[in-house]
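Here's the letter readout for the chains.
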Amino acid sequence: MIELKCDVMVIGAGHAGMAAALFAAQRGLSVVQAGTTGGIDFGSGFIDVLGVHPVAEKRELDEPWQGVASLRAESSEHPYARLNRDDITDGINAFTDFLTAQGLAFQGNEGRNLRLPTPAGTTKRTYLAPATMAPGATALREKAPCLIVSFDGLKGFSGRQLTETLGKNWPALRSAIITFPGLDGELYPEHMANALADPARRKALAETVRPHLGDARYAGFPAMLGVLDCAEVTRHMEELLGVTVFEIPTLPPPIMGVRLRAAFDRGLHGLGVRTLSQKTVMTARPSPDGFRFRAGGAREEYAISARAAVLATGRFFGKGIRQQTHDMRETVFDLPVARPADPDDWYDDVFFSQNGHPADRCGVLFDDDFRPLNDDGTPFHHRLHAAGAILSGHDWIREKSGTGLAVGTAWKAVNTLAKSLGEAG
Ligand SMILES: Cc1cc2nc3c(=O)[nH]c(=O)nc-3n(C[C@H](O)[C@H](O)[C@H](O)COP(=O)(O)OP(=O)(O)OC[C@H]3O[C@@H](n4cnc5c(N)ncnc54)[C@H](O)[C@@H]3O)c2cc1C
């Protein structure tokens, strides 16, 4: 058994857990973080604040902050009702500054949502996009002459599908399927990205793409232009091709997951965070001055004493909530979960129900400082805070609010616990 001591134990390694570990370490607190693969490995890399509101009308938003203001006014249970705009933007700025320093820059549209192409040939509103993807918004808006490049052997990304759907309103959009130089058979974005670390491979790729360019001013590639060297690979491809190059997210597992994981592994380590990668917290025992956790995996076990904790374990996907026959409970502290009283109301006959499922809003109830509540409405522990999808009252999938909500709530949770630890000395 390995003994560890820290100020803050972060439980979860999705966007909320990564943000909480980062913010706590930046405030000079000692941090241990545990978690296995989360949404971070599957996401597009877009940072949504609010893309759709009201959800029932599926109204896509160009002005996310107007939507957030309406949401706050309409639903006091939504986590955004306990955050002001500065909490969300300060959190996102700290998060993206950190990622930029690791090589992953982001771009926005001066507080408005960007509209970007997706691999399905639809479009999506998001608050910030990876800088390698953001020029796709300008190409789309200007309906500029553009070539979409897809590859033999890369599943889930079809230039033809993109041009057939987006091309209805974008006549200057064309596509070409090419062979990736030096790789054959089934292709994976991660292998392609690693191959492009070699400038000679980029030159070979540019040679293969160039004959298809015609009058294109933009070239859209599936997201695979490098890992943490993506800014340099994209710049080099632009130089070689003489057009603006942008990436379009691919279906999971996407390269952005690999990039984010690498950026957090390197950057959080640099800030002194002790990460227990691919380990789960198995037991949690609160005490008046903090917590005692046991965490581990197949080989090692850890006993961790922490003065405070952030619960960022997600919902069903992250395994932060477990469903029993007639109940739902939070998995680490066995906290009560807000959900419809009648289990029959947890389900819908239609799997991809347009209005979502009632279970999509389940989660722990929380106070103004994002402390989870007991059944009687009192905080479970004065130094346990929660962040991200584990919180009740929101439907990030339909609202398109996933990462913004995860980062904003982590920001406020860590600010509050840092103050409380500072006051305790
Ligand atoms: C396919 C997909 C696409 C997405 N696309 C976007 C997008 O385009 N834009 C956007 O803004 N957001 C997107 N998201 C959402 C985003 O990635 C996050 O899922 C969301 O923001 C919630 O993050 P979270 O950290 O709260 O939860 P999760 O991502 O679910 O992470 C929960 C974490 O908790 C860990 N955990 C659970 N139990 C324990 C335990 N006992 N001990 C230790 N760790 C534990 C899990 O291992 C996991 O690491 C997408 C998500 C998915 C899945």
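What counts, and at which threshold
- Residues numbered from 1 in each chain as written.
- Predicted model: local features only at pLDDT ≥ 70, side-chain atom pairs only at ≥ 80, totals over all residues.
- Heavy atoms only, no water.
- Salt bridge = Lys/Arg side-chain N within 4 Å of Asp/Glu carboxyl O.
- Helix = DSSP H or I, 4+ residues; strand = E, 2+ residues; numbered from the N terminus.
- Buried < 20%, exposed > 50% of the residue type's maximum accessible area, 1.4 Å probe, protein only.
- Pairing = 2+ DSSP bridges.
- Axes fitted to C-alpha atoms, helices over the stretch in contact; angles between N-to-C directions.
- Expected span 1.5 Å × (residues − 1).
- Near = heavy atom within 4 Å.
- Polar contact = N/O pair within 3.5 Å; in protein donor to acceptor, adjacent residues only side chain to side chain.
- Nonpolar A, V, L, I, M, F, W, Y, C, P; charged D, E, K, R; others polar.
- Core = buried A, V, L, I, M, F, W, Y, C linked by side-chain atoms within 4.5 Å.
- Domains from an automatic or database assignment.
- Contact = heavy atoms within 4.5 Å.
- Phe/Tyr/Trp six-rings, centres within 6.5 Å; stacked < 30°, edge-to-face > 60°.
- Lys NZ or Arg CZ within 6 Å of the ring centre and 35° of its normal.

To continue, consider the pattern of salt bridges. Applying the stated criterion to the full structure yields 24 salt bridges. Here Lys 124 ties to Asp 48 by a salt bridge, and the two come within 2.6 Å at their closest N and O atoms. Here Lys 124, found in strand β5 (residues 123-126), pairs with Asp 48, found in the loop between β2 (31-35) and α2 (64-74); they are 76 residues apart in sequence, far enough to count as distant. Relative accessible area serves as the criterion here: at 17%, Lys 124 is assigned to the buried category. Residue classification places Asp 48 among the buried positions, given a relative accessible area of 8%. When the shortest N-O distance is used, the salt bridge between Arg 125 and Glu 60 registers 3.4 Å.

Glancing now at the sheet that holds strand β7 (residues 146-151). Here four strands make up an open sheet; going across it, the order is β8-β7-β9-β10 and the pairing parallel. Among the strands making up the open sheet, the edge pair consists of β8 (173-178) and β10 (244-248). Averaged over all adjacent pairs, the angle separating strand axes in this sheet is 25°, with direction ignored. Here six bridges tie β7 to β8, and the two strands are oriented parallel to one another.

Below, the discussion takes up helix α9 (residues 255-270). What sets the pattern is the α-helix's 3.6 residues per turn: residues three or four places apart point alike. Over its 16 residues, α9 extends 23 Å from the first C-alpha to the last, a length consistent with the 22 Å expected when each residue adds 1.5 Å. Within α9, the full set of buried residues consists of Ile 255, Met 256, Gly 257, Arg 259, Leu 260, Arg 261, Ala 263, Phe 264, Gly 267 and Leu 268. Gly 272 sits one or two positions beyond α9 and adopts a positive phi of about 90°.

The next point concerns the site of the ligand. Neighbouring the ligand are 34 residues; Thr 36, Gly 39, Ser 44, Val 281 and Ala 389 lie closest to it. One of the backbone nitrogen or oxygen atoms of Thr 36 is found 2.6 Å away from an oxygen atom of the ligand. Measuring from an oxygen atom of the ligand, one finds a backbone N or O atom of Ala 389 at 2.8 Å. Mapped onto the shell around the ligand, the elements with two or more residues apiece are α1 (15-26), β2, β12 (280-287) and α11 (402-424). Looking at the shell around the ligand element by element, the count peaks at three residues for α11. Tallied by class, residues from the shell around the ligand come to 13 nonpolar, 17 polar and four charged.

The tendency in soluble globular proteins is for nonpolar side chains to be buried side by side. Of all hydrophobic cores here, the largest spans 96 residues; its most connected members are Met 9, Phe 23, Phe 293 and Ile 304. Counting contributing residues per domain, this core is built from domain 1 (2-101 + 258-424) and domain 2 (134-248), each supplying no fewer than three. Once residues within four sequence positions are removed from consideration, Phe 23 is found in contact with Gly 91, Ala 94, Phe 95, Val 407, Ala 410, Trp 411 and Val 414.

Attention now moves to the packing of aromatic side chains. Applying the stated criterion to the full structure yields twelve aromatic pairs. Between the aromatic rings of Trp 65 and Tyr 127, the centroid separation amounts to 5.6 Å while the plane-to-plane angle is 85°, which identifies the pairing as edge-to-face. On the criterion of sequence distance, the pair formed by Trp 65 in helix α2 and Tyr 127 in the loop between β5 and β6 (129-130) is long-range, its members being 62 residues apart. Grouping residues by exposure puts Trp 65 and Tyr 127 together as buried. Taken together, the aromatic side chains of Phe 291, Phe 293, Phe 333 and Phe 380 make up a single cluster linked through ring pairs. The residue whose ring lies beneath Arg 27 is Trp 411, and the NZ or CZ to ring-centre distance is 4.6 Å.

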